[in-house]
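Okay, here's what each chain looks like letter by letter:
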Amino acid sequence: AQSVTQLDSQVPVFEEAPVELRCNYSSSVSVYLFWYVQYPNQGLQLLLKYLSGSTLVKGINGFEAEFNKSQTSFHLRKPSVHISDTAEYFCAVSFPFTGGGNKLTFGTGTQLKVEL
Amino acid sequence: GAVVSQHPSRVICKSGTSVKIECRSLDFQATTMFWYRQFPKKSLMLMATSNEGSKATYEQGVEKDKFLINHASLTLSTLTVTSAHPEDSSFYICSARAGVSNQPQHFGDGTRLSIL
């Protein structure tokens, strides 16, 4: 079965510290990978995506993620966080070659809370 | 670029009322639009996928007569919650994707629906 797991429901971190938000997926076929951020009472904003090519992907707001095929992971990182990064982060996977309209499967989300 | 507008942002209405939510892609043509429902502190649950000019494809467990979806043009999709009841209260989010399957989904800001 195809699934997405975000093990950490909440991640507290101090401002200017580095952070890593974990995402693992389960699939025996090629996938596309995405990270989205959601601020309170808003929709989702795309941070970055991996389709193919270089496994290190750089996104907006200083975030980056690395695709690791052997570990089926796509962890999100930022070397120095700001208060404004406090939000919910969703990892999402699409399975483009399995039919079904290339839908997104979302993880359960990780609440990043940046503290002073 | 890739802006999706969702309207209204908040609706409060009486039980039994039908509510229409609009989702517009402002600067690109969206051949596929998606409707999600998000419960408090939960991930997004895909309700249905709609392709322009075609009938929507509903996910298992979603009542198609309850949640009417129309995708009449490449820039507009609507979700109508018919005869809404308090259990339909939720945060509804649309997304839109341009033609090819490796393009990311771009999300609207969501609609907070409260049924009294």
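A. Local environment of the overall build of chain B. Across its full length, chain B holds zero helices and eleven strands. For chain B, the sequential pattern of α-helices and β-strands runs β-β-β-β-β-β-β-β-β-β-β. Taken against the 2.2 N^0.38 rule, which gives 13 Å for 116 residues, the C-alpha radius of gyration of chain B at 13 Å falls within 12% of a compact globule. Projecting the C-alpha coordinates of chain B onto the three principal axes gives extents of approximately 40 × 25 × 25 Å.

B. Spotlight on the pattern of salt bridges. Per the stated rule, a full pass over the model turns up nine salt bridges over all chains. Between E59(B) and K103(A) there is a salt bridge whose closest N-O contact spans 3.1 Å. With E59(B) in the loop between β6 (57–58) and β7 (67–73) and K103(A) in the loop between β10 (87–94) and β11 (104–106), this pair bridges two chains. Relative accessible area serves as the criterion here: at 21%, E59(B) is assigned to the partly exposed category. In this structure, the salt-bridge partner of E22(B) is R24(B), at a minimum N-O distance of 3.4 Å. Taking relative accessible area as the criterion, R24(B) reaches 36% and is therefore assigned partly exposed. A single salt-bridge network, built from bridges that share partners, covers E20(A), K58(A), E64(A), E66(A) and R77(A).

C. Quick look at the side chain of R37(B). All names here are of chain B. Relative to the helices and strands, R37 is located in strand β4 (residues 32–38). Among buried charged residues, R37 stands out as having no salt bridge; its nearest opposite-charge side chain is D88, 4.6 Å away. Here the side chain of R37 touches E87 through a polar contact of 2.6 Å, landing on its backbone oxygen. At 3.3 Å, the side chain of R37 forms a polar contact with the side chain of S90. Discounting chain neighbours no more than four positions away, the residues touching R37 are S43, L44, M45, M47, F67, E87, D88, S89, S90, F91 and Y92.

D. Inspection of the interface of chain A and chain B at higher detail. Contact residues are listed per partner, giving 19 residues for chain A and 21 residues for chain B. Counting each side, the surface lost to burial between chain A and chain B is near 1600 Å², with a carbon and sulfur contribution of 54%. If you look at where chain A meets chain B, you find six residue pairs in polar contact (both at pLDDT 80 or more). Among the elements that take part in the side of chain A that touches chain B, strand β5 (residues 32–38) of chain A stands out by supplying four residues, more than any other. Taken together, the residues that form the side of chain A that touches chain B break down as nine nonpolar, eight polar and two charged.

The rules behind each value
Residues numbered from 1 in each chain as written. Chains lettered and ligands numbered in written order. Predicted model: local features only at pLDDT ≥ 70, side-chain atom pairs only at ≥ 80, totals over all residues. Heavy atoms only, no water. Helix = DSSP H or I, 4+ residues; strand = E, 2+ residues; numbered from the N terminus. Rg over C-alpha atoms; globule rule 2.2 N^0.38 Å. Salt bridge = Lys/Arg side-chain N within 4 Å of Asp/Glu carboxyl O. Buried < 20%, exposed > 50% of the residue type's maximum accessible area, 1.4 Å probe, protein only. Lys, Arg positive; Asp, Glu negative; His and termini not counted. Polar contact = N/O pair within 3.5 Å; in protein donor to acceptor, adjacent residues only side chain to side chain. Contact = heavy atoms within 4.5 Å. Buried area = accessible area lost by both parts, 1.4 Å probe. Nonpolar A, V, L, I, M, F, W, Y, C, P; charged D, E, K, R; others polar.

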